[in-house]
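# Fold and contact review
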Amino acid sequence: MTDKLTSREAFAQFQRSASERWDALWQGEKLVVSVQVDSSSVAKGALQVLAACREVFRGTDAIVREVSGNGAMWMEPAVEIKRPGEPPIVYGWIEPGDVTSLLAGELRDRAVGVRGPNGFAGIPPLSEHPFFQHQHRIVMEEFGVIEPDSIEDAIARGAYGALAKVLFEMTAEEAIAEVTASGLRGRGGAGFPAGIKWESGRKARNRPKFVVVNSHEGEPNVYKDRRIHEGDPHKILEGMLISSVVCGADRAYNYIGGEYPLGIRRFRKAVADAEQLGLIGENILGTGRDVEVRVGTGGGAYICGEGSALMYSVMGVRGQPRTKPPRSVEEGLWKRPTILNNTETLAAVPAIINNGGEWFSQIGTATSAGTKMMTVQGPLKHVGLVETPMGVTLRTLIDGVWGGMREGHQFRGVQTGGVSAGPLTAEQLDYAVDFDSMTEVGGMLGSGGFVVFDQHVCPVDFARYLTAFNRVESCAKCTPCHRGNPALVEILDRIRLGGGSREDLSLMERTSKHIIDLSLCGLGQVAPMPLLGMMKMYPQDFLDHIENHVCAAGACPIATPVVLATAAD
Amino acid sequence: MEQSSPSVVGQIASDPALENGAHPTGDAIDLAEVRQILAQFHYRDFQEAQELILSALQEINEHYGWVSLPAAEVVAAHFGTTASRIYGLLTFYADFRTEPRGKHFMLLCHGMACYVMGSQRLIQHLEDDWGVADAGTTADGELTVQVVNGCLGVCDRAPICKLDADYIGDLTAEKLNDAIRTAIAGGGSWRDAHHPVVTGSFHDR
């Protein structure tokens, strides 16, 4: 048990001893086995692999660590082995039964790469693998490296150094100036400049003030924030603390989606450890600053990702948005000034403070600085979570990073922006992935989730799925969204069943316009976007359903046998 | 602070069947145990009490698989609010159930990854072959299915479900049938696999 650190000196001392222990771990003569455990590898038996490793090494001086996944879901469960005199080597597809032979050095063919700059014994560095070579990891830097449950690991790797810098070397104005200079924009989807938000937060005069982190992530295709909680919760916590210190907030909340038990557990552990070290709570590092950190959990309502709804949910009532203004920075949680940021945004802040805003603004594009975490779903070879500089093209991501389509699947399109934008087709993949480029063709970066679909997915049926999601998740506060989305689903179902008419297409456009123009909150205002995008990109599919009663993909309930006959012709 | 309405509370609590949380499928919620769970959720002021309500409900929902009306009454009393307010939360947030789970519990992922890989067909299959729709339980009380509109986050194995403690990926209708039959034949219930997920102090004090 460590005493609270009550001065900068004490913190520096702790940092030094932590990094000495870190270096000793990697340079020592002990075998270090790191099992990558996160919510997706657990589904594939990572906990059993971890238990098997612990069993094998019981009573020896080998070190078995529980790290988080490095984003490469396609090679899970993965285990990293560092033998004395060798660099750490990452092995993929390890089942519990493989552990003995893996440790005996028999599974060389499952070595994916070396974590480090150079290859070893014919195994190339991990960074040369197509999945990793386009990546630039800032938020994900420590994924798979540190033990997320160990604050000592995190501090050895530099965590809370930026907090100390803000507390002891910078004024609030200087820190905000760095964030502004970095060009960091909100990673939740809206892309609002973080520096401006912080500046208005700092200027707000009402007390107390709050910082709220939006880790709700209710979209059906994004899992990046969950992975930050699992991979490096300290980055989020440090970002929260920096934001609280410079904006003068008394309390910081992290509102986490309730579906993320592992992330919640690891984040709570990080908070408890940081509190014990005196990094949060009263009198942080002896500076006289107090910041209380609280954790709230959601209950599976998509709408709670909307700012005002989220705050109602934190306050323990139904999460339903309210009209704005007042903006939350004037009147948010408990009617006090509230600075609301996305998890990924805050997790990028420590690096910005450490390296300067200028450094961050050089990465990415002119209007979208920095890196972005992106997730993909669909029949691709290397499905996983990546962090690349803004401005990379979709083609690079899909064909390069994510390895292209699996055997037997033909690329049909890629849905962008979750349930809030439209798809792009094969001809449009050269658009840059940033906040602004894709909007001209109806796409959107959103929170960075892409869904690739193949010939088995019918655009009409997909539009129905996306609209039905919005129907189920509508909070029912305002009529255009609450009644409009079910109406759209009804029309789409008519078309899917083969009873649609050309009139229905214009009816859907009119209804969509009502929803877009009249809905109360941002989520309602974009709810029909996927449908409109599908209609724009795949008009022929809609017409085929209406006029020829044919669903080329065979997904809709009309006349499936006829479709099969047509396909065979 | 708001006070719970005594007349309504009294009426419900005085029904012995409801006091035990009894339900046609025979699952019961021990209110003394609920009070024990709630004891972790101590609060210093009104704001903190409000902020803890959802976490407390989640803990109870995780533990029992549902929140009964009497349990909601106990929660309301603990936080000094009304049962209708609690019920409003239970019916708004998708994670909460107001009816007990069957012996086995399946979360069927219907996120976009699973959709593009065919989860819609699986939902239909469960309805056709097992007679169980979203949030429903089979007539024999063996299986409850909840369709997850969000994402279970195991997208490379889509479509995927979580049955009791096990994730089953790359699902087909046959694989789903096998998994359900194996679970039912194996006895036990979702409780055996259940580990409390949210532990430690709340609000981290």
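Conventions adopted
- Residues numbered from 1 in each chain as written.
- Chains lettered and ligands numbered in written order.
- Predicted model: local features only at pLDDT ≥ 70, side-chain atom pairs only at ≥ 80, totals over all residues.
- Heavy atoms only, no water.
- Helix = DSSP H or I, 4+ residues; strand = E, 2+ residues; numbered from the N terminus.
- Rg over C-alpha atoms; globule rule 2.2 N^0.38 Å.
- Buried < 20%, exposed > 50% of the residue type's maximum accessible area, 1.4 Å probe, protein only.
- Contact = heavy atoms within 4.5 Å.
- Areas by Shrake-Rupley, 256 points an atom, 1.4 Å probe, with all protein chains shown as cover.
- Lys, Arg positive; Asp, Glu negative; His and termini not counted.
- Charge placed at Lys NZ, Arg CZ, Asp CG, Glu CD.
- Salt bridge = Lys/Arg side-chain N within 4 Å of Asp/Glu carboxyl O.
- Buried area = accessible area lost by both parts, 1.4 Å probe.
- Polar contact = N/O pair within 3.5 Å; in protein donor to acceptor, adjacent residues only side chain to side chain.
- 1 Å grid on protein atoms, 1.4 Å probe; cavity = no way out; pocket = protein on both sides within 12 Å on 5 of 7 lines; lining within 4 Å.
- Points joined across faces, edges and corners; volume = space filled by probe spheres on them.
- Nonpolar A, V, L, I, M, F, W, Y, C, P; charged D, E, K, R; others polar.
- Phe/Tyr/Trp six-rings, centres within 6.5 Å; stacked < 30°, edge-to-face > 60°.
- Pairing = 2+ DSSP bridges.
- Axes fitted to C-alpha atoms, helices over the stretch in contact; angles between N-to-C directions.
- Parallel < 35°, antiparallel > 145°, perpendicular 65-115°, else oblique.
- Left-handed = near helix turned anticlockwise from the far one by under 90°.
- Core = buried A, V, L, I, M, F, W, Y, C linked by side-chain atoms within 4.5 Å.
- Right-handed = clockwise from strand over helix to strand, strands pointing away.

When helices and strands are tallied, chain A shows 23 helices and 14 strands. Taking 569 residues into account, the globule formula puts the C-alpha radius of gyration at 25 Å, and chain A, at 25 Å, falls close to it. Projecting the C-alpha coordinates of chain A onto the three principal axes gives extents of approximately 75 × 65 × 40 Å. Each of the 569 residues in chain A was classed as buried or not, and the buried ones make up 62%. The contacts in chain A between residues at least 6 apart in sequence include a share of 70% that link residues at least 24 apart. Of the roughly 20000 Å² that chain A leaves accessible, carbon and sulfur atoms contribute 51%. Distance from the positive charge centre (57 side chains) to the negative charge centre (67 side chains) of chain A: 5 Å.

Take the pattern of salt bridges next. Pairs can form between side chains of opposite charge once their charged atoms are near each other. Under the criterion given, the structure shown has 43 salt bridges over all chains. R21 of chain A is the partner of E152 of chain A in a salt bridge, and the nearest nitrogen-oxygen pair spans 2.7 Å. Here E152 of chain A, found in helix α6 (residues 151-156), pairs with R21 of chain A, found in helix α1 (residues 8-27); they are 131 residues apart in sequence, far enough to count as distant. The partly exposed category is assigned to E152 of chain A, whose relative accessible area is 28%. Note on R21 of chain A: relative accessible area 46%, which makes it partly exposed. The salt bridge involving R496 of chain A is made with D461 of chain A; its shortest N-O contact spans 2.7 Å. Pair noted here: R496 of chain A is in helix α18 (residues 479-496) and D461 of chain A is in helix α17 (residues 459-473), with a separation of 35 residues, a long-range link. One salt-bridge network, held together by shared partners, links R251, E292 and R294 of chain A together with R44, E48 and E51 of chain B.

Residues and elements named next belong to chain A. The topology assignment puts G417 in the loop between β12 (411-415) and β13 (423-424). Taking C-alpha positions, G417 is 6.6 Å from S447, a pair spaced 30 residues apart along the chain. Other than its neighbours up to four places away in sequence, G417 contacts E219, M444, L445, G446 and G449.

Our next topic: the interface of chain A and chain B. With 65 residues of chain A in contact, the opposing surface of chain B contributes 42 residues. Buried surface at the junction of chain A and chain B, both sides included, amounts to about 4400 Å², of which 53% is carbon and sulfur. One can count five salt bridges joining chain A with chain B. The salt bridge involving E51 of chain B is made with R294 of chain A; its shortest N-O contact spans 2.6 Å. Joining chain A to chain B, the criterion identifies 26 residue pairs in polar contact (both at pLDDT 80 or more). Taken together, the elements giving at least two residues each to the side of chain A that touches chain B come down to α2 (39-42), α10 (224-231), β7 (251-256), α12 (261-276), β8 (292-297), α13 (307-314), β14 (449-454) and α17 of chain A.

What follows deals with the layout of surface pockets. Residues and elements named next belong to chain A. One number sums up the size of the second largest pocket: a volume of about 1100 Å³. Secondary structure elements with two or more residues in the lining of the second largest pocket: α9 (194-203), α10, α13, β9 (338-342) and α20 (522-526). A per-element tally of the lining of the second largest pocket places β9 first, with five residues. Grouping the amino acids of the lining of the second largest pocket by side-chain chemistry returns 11 nonpolar, 21 polar and 10 charged.

We now examine the packing of aromatic side chains. Residue and element names in this part refer to chain A. Throughout the structure, instances matching the rule amount to 17 aromatic pairs over all chains. Judged by centre distance (6.1 Å) and plane angle (50 degrees), the ring pair of W74 and W93 falls under tilted. Here W74 is found in the loop between β2 (63-67) and β3 (79-82), whereas its partner W93 is found in the loop between β4 (89-91) and α4 (99-103), with 19 residues between them in sequence. Overall, the relative accessible area of 10% leaves W74 in the buried class. Of the residues examined, W93 reaches a relative accessible area of 37% and is grouped as partly exposed. Consider the rings of W74 and F131, whose centres lie 5.6 Å apart with planes at 75 degrees: the pair is edge-to-face.

Residues and elements named next belong to chain A. Two strands pair when backbone bridges link them, and β12 and β14 are joined in this way by four bridges, in the antiparallel orientation. Each bridged residue has a counterpart across the sheet, and for Q415 the counterpart in β14 is V451. Inspection of the sheet shows β12 paired to β13 by two bridges, in the antiparallel sense. Each residue of the ladder has a partner; that of V414, found in β13, is L424.

Turning next to unusual backbone geometry. All names here are of chain A. Note that the residue after R207, namely P208, is joined by a cis bond; omega there is -10 degrees. Relative to the assigned elements, P208 resides in the loop between α9 and β6 (210-215). Following K324, the chain continues into P325 via a peptide bond in cis, with omega recorded as 5 degrees. The topology assignment puts P325 in the loop between α13 and β9.

This part takes up the packing of α18 of chain A against helix α19 (residues 502-518) of chain A. A pair of packed helices is characterised by two quantities: the angle between their axes and the separation of those axes. Residues and elements named next belong to chain A. Interhelical geometry of α18 versus α19 gives an angle of 160 degrees and a closest axis separation of 10 Å. As far as their axial angle goes, α19 and α18 are roughly antiparallel. Both α18 and α19 take part in a crossing whose hand is left-handed. Across the interface between the two elements, P480, C481, G484, N485, L488, I491, L492, R494 and I495 of α18 pack against D504, L505, L507, M508, T511, S512, H514, I515 and L518 of α19. A breakdown of the residues in the contact of α18 with α19 according to their chemical character gives 11 nonpolar, five polar and two charged.

Y160, W402 and F462 of chain A are the most contacted members of the largest nonpolar core, which totals 153 residues. Tallying contributions element by element places helix α11 (residues 233-247) of chain A first for this core, with eight residues. In this structure, F462 of chain A is in contact with Q415, V451, F453, V457 and M534 of chain A together with M112, Y115 and V116 of chain B, ignoring residues within four places of it in sequence. Grouped together as the second largest cluster of nonpolar side chains are 45 residues, M311 and M315 of chain A together with L57 and L89 of chain B included.

Residues and elements named next belong to chain A. A large share of β7 lies buried, amounting to six of its six residues. Going residue by residue along β7, you find R251, Y253 and Y255 tucked away on one face and A252, N254 and I256 tucked away on the opposite face as well. Bridge count between β6 and β7: six bridges; the pairing is parallel. By the bridge assignment for β7, V212 is matched with Y253. Where β7 meets β8, six bridges bridge the pair, whose relative direction is parallel. The residue bridging I256 from the neighbouring strand is T297, located in β8. For the handedness criterion, the β-α-β arrangement of β7, α12 and β8 is classed as right-handed.

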